Amino acid sequence: NGVEECDNSAGCLTGTPVTCADDGLFCNGVEECDEAAQQCVSSGNPCSDGGDLCNGFTSCNEVSDQCETTAPVVCSDSTCGLQQVCNSSTGVCEDDGTGEDGVCDVASGEDCATCPNDCTAPIQAQCGNGVCESGEDCLSCAADCNGVTGGKPGNRYCCAGGQGGTCGDSRCDLCDPTSIGGSSCCGDNVCEGSESFVTCP
């Protein structure tokens, strides 16, 4: 309000209010008087993005004397069943961390390299396929591996597949002496291991 003055007749009079001159810069805001600092200050950047960079980054253009905002961030889905969401503090798309969905979507670009948890699976014996395979025996898979576990000890036997198994025994028909291991890879045009139309279309 300016400096107060004392008038012998009228008493104390209010001084002339301080007028802050415009510095001609749009991007530092309006010049105003700061009562606490007792000086003219600028109000600051007039352009605000509201704190959410996903709505676009707002900047001040000193040449045109206006605020400019970029287009809102649009996130696309990533591979492995993950969804991408925009981080409001950085304006960057990030995976939401929900994890894989258990389906290898080859059409969307998923493969064993980019999405191993969805597109690879250990190759294991399949009980019930009529072949006594590595890891199976008459106790763990009686449907595939022959065996007699009761009665006279001399008549007992238990077929087991794989290396070190009993595939040389004539009583163990449809016995596979090879070892099973490794991993299947969805997208290699071979339906193997635990792959199915659901998990590897």
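Structure shown above.
As the structure is a computational prediction, the values presented were derived from the model and not from experiment. Think of each chain on its own: its residues are numbered from 1, step by step along the sequence as written. For a predicted model such as this one, the threshold for reporting local features is a pLDDT of at least 70, and the threshold for listing and counting side-chain atom pairs is 80 or more; totals across whole chains, interfaces and linings nevertheless cover every residue. Only hydrogens and water are set aside when side-chain values are computed; all heavy atoms of the structure are taken into account.

1. Thoughts on the overall build of the protein chain
Consideration 1: Looking only at helices and strands, one finds one helix and twelve strands in the protein chain.
Consideration 2: Tracing the protein chain from N to C terminus, the helices and strands come up as β-β-β-β-β-β-β-β-α-β-β-β-β.
Consideration 3: The 201 residues of the protein chain split such that 19% are buried.
Consideration 4: Contacts are assigned to residue pairs with any non-hydrogen atoms lying within 4.5 Å of each other. Within the protein chain, contacts between residues separated by at least 24 positions form 29% of all contacts whose residues are at least 6 apart in sequence. Strands are runs of DSSP state E lasting at least 2 residues, helices are runs of H or I lasting at least 4, and numbering of each runs from the N terminus. Accessibility here uses a 1.4 Å probe with only protein chains present; expressed as a share of the type maximum, an area under 20% marks a residue as buried, one over 50% as exposed, and anything in between as partly exposed.

2. Observations regarding the state of the cysteines
Consideration 1: Throughout, disulfides are identified as pairs of cysteine sulfur atoms within 2.5 Å of each other. Applying the stated rule across the entire model yields ten disulfides.
Consideration 2: Here Cys20 is linked by a disulfide to Cys40, with a sulfur-sulfur distance of 2.1 Å. Residues Cys20 and Cys40 share a disulfide whose torsion about the S-S bond is about -85°; that sign makes it left-handed. With a gap of 20 residues between them, Cys20 in the loop between β2 (11-13) and β3 (31-34) and Cys40 in strand β4 (residues 39-42) connect regions that are remote in the sequence.
Consideration 3: Owing to a relative accessible area of 16%, Cys20 belongs among the buried residues under this scheme.
Consideration 4: Between the sulfur of Cys167 and that of Cys175 lies a disulfide, 2.0 Å long from S to S. Here the S-S torsion is close to -65°, and the disulfide linking Cys167 with Cys175 is therefore left-handed.

3. Regarding the packing of aromatic side chains
Consideration 1: Centre distance within 6.5 Å is the pairing criterion for rings of Phe, Tyr and Trp, where only the six-membered ring of Trp is used; planes under 30 degrees apart are then read as stacked, over 60 as edge-to-face, and the remainder as tilted. Considering all chains together, one arrives at zero aromatic pairs under this definition.
Consideration 2: When the ring centre of Tyr157 is taken as reference, the NZ or CZ atom of Arg171 above it lies at 4.1 Å. Here, a charge over a ring means that NZ of Lys or CZ of Arg falls within 6 Å of the ring centre while also lying within 35 degrees of the ring normal.

4. Topic: the pairing of strand β7 (residues 84-87)
Consideration 1: Should DSSP find at least two bridges between two strands, the strands are taken to pair. Relative to strand β8 (residues 92-95), β7 is paired through four bridges, and the arrangement is antiparallel. Its bridge partner being in β8, Cys86 is matched across the sheet by Cys93.
Consideration 2: Between β7 and β8, which pair antiparallel one after the other, the connecting turn spans four residues, and Gly91 there sits at a positive phi close to 70°.

5. Concerning the side chain of Asp144
Consideration 1: Note on placement: Asp144 falls in the loop between β9 (120-122) and β10 (147-148).
Consideration 2: Here Asp144 is buried and forms no salt bridge, its nearest opposite-charge partner Arg171 lying at an N-O distance of 18 Å.
Consideration 3: In contact with Asp144, other than residues within four places in its own chain, are Gln126, Cys127, Gly128, Asn129, Gly130, Val131, Cys132 and Glu136. Two residue types count as positive, namely Lys and Arg, and two as negative, namely Asp and Glu; His and chain ends fall outside the count. By convention in these notes, a salt bridge is any Lys or Arg side-chain nitrogen within 4 Å of a carboxyl oxygen on Asp or Glu.

6. Description of the pattern of salt bridges
Consideration 1: A full pass over the atoms with the stated rule returns one salt bridge.
Consideration 2: Among the ionic pairs, Asp169 bridges to Arg171, the shortest N-O distance being 2.8 Å.
Consideration 3: The class of Asp169 is partly exposed, set by a relative accessible area of 22%.
Consideration 4: A relative accessible area of 39% means that Arg171 is categorised as partly exposed.

7. What about the environment of Asp101?
Consideration 1: Position of Asp101 among the secondary structure elements: in the loop between β8 and α1 (116-119).
Consideration 2: On a C-alpha basis, the gap between Asp101 and Asn117 in space is 9.1 Å, while along the polypeptide they are 16 residues apart.

8. Some thoughts on the pairing of strand β5 (residues 58-61)
Consideration 1: When β5 meets strand β6 (residues 66-69), the two strands line up antiparallel, connected through four bridges. The residue bridging Thr58 from the neighbouring strand is Thr69, located in β6.
Consideration 2: The hairpin formed by β5 and β6 contains four residues between the paired strands, and Asp65 there has a positive phi angle of roughly 55°.

Nothing here speaks to function; it is geometry throughout.
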